[in-house]
Every structure is written in C-alpha cells, then in structure tokens.
Amino acid sequence: MKVLSTPTNLHVLHEDNHLIIVNKRVGDIVQGDKTGDVPLSEIVKEYIKHKYQKPGAVFLGVVHRLDRPTSGIVVFAKTSKALSRLNELFSSRQTQKTYWAVVKNEPSKAADTLQHFISRNEKNNTSKAHTKEVPNSKQALLDYQIIQKLNAYYALEIQLHTGRHHQIRAQLAAIGCPIKGDLKYGFDRSNPDGGIHLHARKLVFTHPVSKELIEITAPTPHDVIWNAIG
C-alpha cells in the first residue's frame, strides 16, 4: 500500500467540530479503490486521531469526491449529523462550486454557458458530452469565462451547476478545449506529475449545523503555469 501523503503535510483549509475541509493534492484519491493506495479519507482520520489524541476509531464521512488527477477543495464530515446534512446540500445543489482550468486552445467565446448530456462508459472510466439527450445520459451544465491569457494557454474560471462524472473534463473537450495534461480527454501530452490542470478553487455553502456562510478558497498547486495566474 503506497502512502501518498501524511497528516503532517495535510493542507487543512477549515476545521470545526462538524466538518473538515482540505486542499487535495494531485494524485491523492479521496476514497479507497482497487489500487490499494492510502486514500485522503484515511489520512484525514489519522490527522484527527493524532491532533485530538483520540483512542478509538475516528468517524469521517466522505461528502463528495474529486478526480485523482485534479487538485483542490474536498469536504469531509466529522459527525453523522453533519454528513447527512452535507449530503443533502450537495445533492440538492445548494453549494457554489468554482473551478479553475488551464486549456491550450482558445474557446470560441470568452464566456459561455455549456449544456450537454453526459453518458458514462464504466469500462474505460470516461464520460462523453453530447449536444442532445442520448440513452442513459444526464444533463450537465456549467458556466465558464476566460480569466487570463497565458503564454501558450488560457486560464478559465468555471461555475459548476451539476456534478456529473468527469463533467468539466468532458464538456471542455467537447468544445475543443481539453484540459492541460488530460490525455483521457484529448490533450496531446501528459503533465510531469501525471495530473491535469483542473483545480477546485472555491466553495460556498451554508454550514450544516451553525448555519453560518462558509466560503473557502484553495491555493493552486505550485508550478510555473498555476503561479502565472494572478
């Protein structure tokens, strides 16, 4: 079993009695899978166990996931009450999710709303964005805008309105703008770290227990391209 990170270098963005929000690194998996790599959920449990000197098992609920090659905000619940309420918030789209993506090709419009119908291929773990509804497809909706022209790339800010499998990756590929490093969706070469330039940048939601407004922004990974966005 390969350890991808440790509690000492976990980047915690927010923590209270009911939830913990972390900045996921490229390559970390949120929940365990067939690879056997240590998931982020277990690393967070170890962090909580160590920080609070908990003798027994630590409760931690996975609220949502990010694809392994992406980075950014991931929310976990520390209590069962928070988990059920957060699940409802996310499933009913009572959250504002903002992503940043870097693409090589310039979109035809500086800002636009993309509406597709996403169908998933379980065998090769990909999704396809269709312009019309097809069997077993689900509607996918996002807004994007170009926020910066880089030397050879374009930085996009994306407001995600639905949470389909590989939605942003598939929808941007469908308009001829695959994300940098995303070989699975048509980019021409991989990134050195095996990740892609897609980052869950900002999350706004109402706290499930205190009802206060939570607004979290996650710093981007440190590399030449992300660092050029300012």
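The rules behind these values
- Residues numbered from 1 in each chain as written.
- Predicted model: local features only at pLDDT ≥ 70, side-chain atom pairs only at ≥ 80, totals over all residues.
- Heavy atoms only, no water.
- Helix = DSSP H or I, 4+ residues; strand = E, 2+ residues; numbered from the N terminus.
- Rg over C-alpha atoms; globule rule 2.2 N^0.38 Å.
- Buried < 20%, exposed > 50% of the residue type's maximum accessible area, 1.4 Å probe, protein only.
- Contact = heavy atoms within 4.5 Å.
- Areas by Shrake-Rupley, 256 points an atom, 1.4 Å probe, with all protein chains shown as cover.
- Lys, Arg positive; Asp, Glu negative; His and termini not counted.
- Charge placed at Lys NZ, Arg CZ, Asp CG, Glu CD.
- Expected span 1.5 Å × (residues − 1).
- Arc of directions from axis to C-beta.
- Phe/Tyr/Trp six-rings, centres within 6.5 Å; stacked < 30°, edge-to-face > 60°.
- Lys NZ or Arg CZ within 6 Å of the ring centre and 35° of its normal.
- Core = buried A, V, L, I, M, F, W, Y, C linked by side-chain atoms within 4.5 Å.
- Salt bridge = Lys/Arg side-chain N within 4 Å of Asp/Glu carboxyl O.
- 1 Å grid on protein atoms, 1.4 Å probe; cavity = no way out; pocket = protein on both sides within 12 Å on 5 of 7 lines; lining within 4 Å.
- Points joined across faces, edges and corners; volume = space filled by probe spheres on them.
- Nonpolar A, V, L, I, M, F, W, Y, C, P; charged D, E, K, R; others polar.

Participant: Quick one: what's the story with the overall build of the chain, residue by residue and with numbers?
Facilitator: A count of helical and extended segments in the chain gives four helices and 11 strands. Relative to the globule expectation of 17 Å for 230 residues, the C-alpha radius of gyration of the chain, 18 Å, shows essentially globular dimensions. Principal-axis analysis of the C-alpha atoms gives the chain an extent of 55 × 40 × 35 Å. In the chain, buried positions account for 49% of the 230 residues. Considering only intrachain contacts with a sequence separation of at least 6, the fraction spanning at least 24 residues in the chain is 62%. Summed over its atoms, the accessible surface of the chain is roughly 11,800 Å², and 48% of this surface lies on carbon and sulfur atoms. Here the chain contributes 31 positively and 21 negatively charged side chains, and the mean placements of these two sets differ by 3 Å.

Participant: Quick one: what's the story with the environment of leucine 40, residue by residue and with numbers?
Facilitator: Its place among the elements puts leucine 40 in helix α1 (residues 40-51). Given the relative accessible area of 2%, leucine 40 is considered buried. With 179 residues separating them in the primary sequence, leucine 40 and proline 219 have C-alpha atoms 18 Å apart.

Participant: Describe in detail α1, supporting the description with residues and values.
Facilitator: Because an α-helix completes one turn every 3.6 residues, residues spaced three or four positions apart along the sequence face the same direction. An ideal rise of 1.5 Å per residue puts 16 Å on 12 residues; α1 measures up with 16 Å between its terminal C-alpha atoms. Taken as a whole, α1 has its buried residues at Leu40, Ser41, Ile43, Val44, Tyr47 and Ile48. Along the axis of α1, the buried positions cluster into a sector of 160°, meaning they face one direction only. Turning to α1, the residues buried within the fold contact β1 (12-15), β2 (19-24), β3 (61-62) and β4 (71-77).

Participant: A description of the packing of aromatic side chains should follow, citing residues and the corresponding values.
Facilitator: What the rule picks out here adds up to zero aromatic pairs. Here lysine 149 stacks its cationic end above the ring of tyrosine 154, 5.0 Å away from the centre of that ring. Sitting above the plane of the tryptophan 100 ring, arginine 201 keeps its charged end 4.1 Å from the centroid.

Participant: Residue-level account of the nonpolar core, with values.
Facilitator: Val44, Phe76, Leu86, Ile168 and Leu172 are the most contacted members of the largest nonpolar core, which has 49 residues in total. Apart from residues lying up to four places away in sequence, valine 44 is in contact with Leu10, Ile20, Val22, Leu60 and Phe76. Counting nine residues, the second-largest nonpolar core is a separate cluster that includes Ala155, Phe187, Ile225 and Trp226.

Participant: Break down the pattern of salt bridges for me, citing the residues and quoting the values.
Facilitator: All told, the structure shown has 12 salt bridges when counted by the stated rule. Ionic pairing is found between aspartate 188 and arginine 189, a salt bridge with its closest N-O pair at 3.6 Å. The exposure class of aspartate 188 is exposed, given its relative accessible area of 52%. Overall, arginine 189 belongs to the partly exposed group, its relative accessible area being 42%. Several salt bridges converge on common partners, so that one network encompasses Glu15, Lys51 and Lys78.

Participant: Give me empty space enclosed by the protein: which residues, what numbers.
Facilitator: If a probe as big as a water molecule is rolled over the atoms, it shows which places are left empty. Across all of its chains, the model carries one cavity of 30 Å³ or more by this definition. Computed from the structure, the largest cavity encloses a volume of approximately 70 Å³. With four residues, the top contributor of residues to the lining of the largest cavity is strand β10 (residues 198-206). Its residues assigned to classes, the lining of the largest cavity comprises five nonpolar, two polar and three charged.

Participant: Kindly report on the layout of surface pockets, identifying the contributing residues and their values.
Facilitator: A volume near 1,400 Å³ is recorded for the largest pocket. Taken together, 40 residues line the largest pocket, and the ones lying closest to its centre are Arg65, Asp67, Arg164, His165 and His166. When contributions to the lining of the largest pocket are tallied by element, the ones reaching two or more residues are α2 (80-91), β5 (96-103), β6 (111-121) and α3 (167-174). Broken down by class, the residue content of the lining of the largest pocket amounts to 11 nonpolar, 17 polar and 12 charged. Roughly 290 Å³ of internal volume is contained in the second largest pocket. Taken together, 18 residues make up the lining of the second largest pocket; nearest its centre are Asn23, Lys24, Arg25, Val26 and Pro221. Broken down by class, the residue content of the lining of the second largest pocket amounts to five nonpolar, eight polar and five charged.

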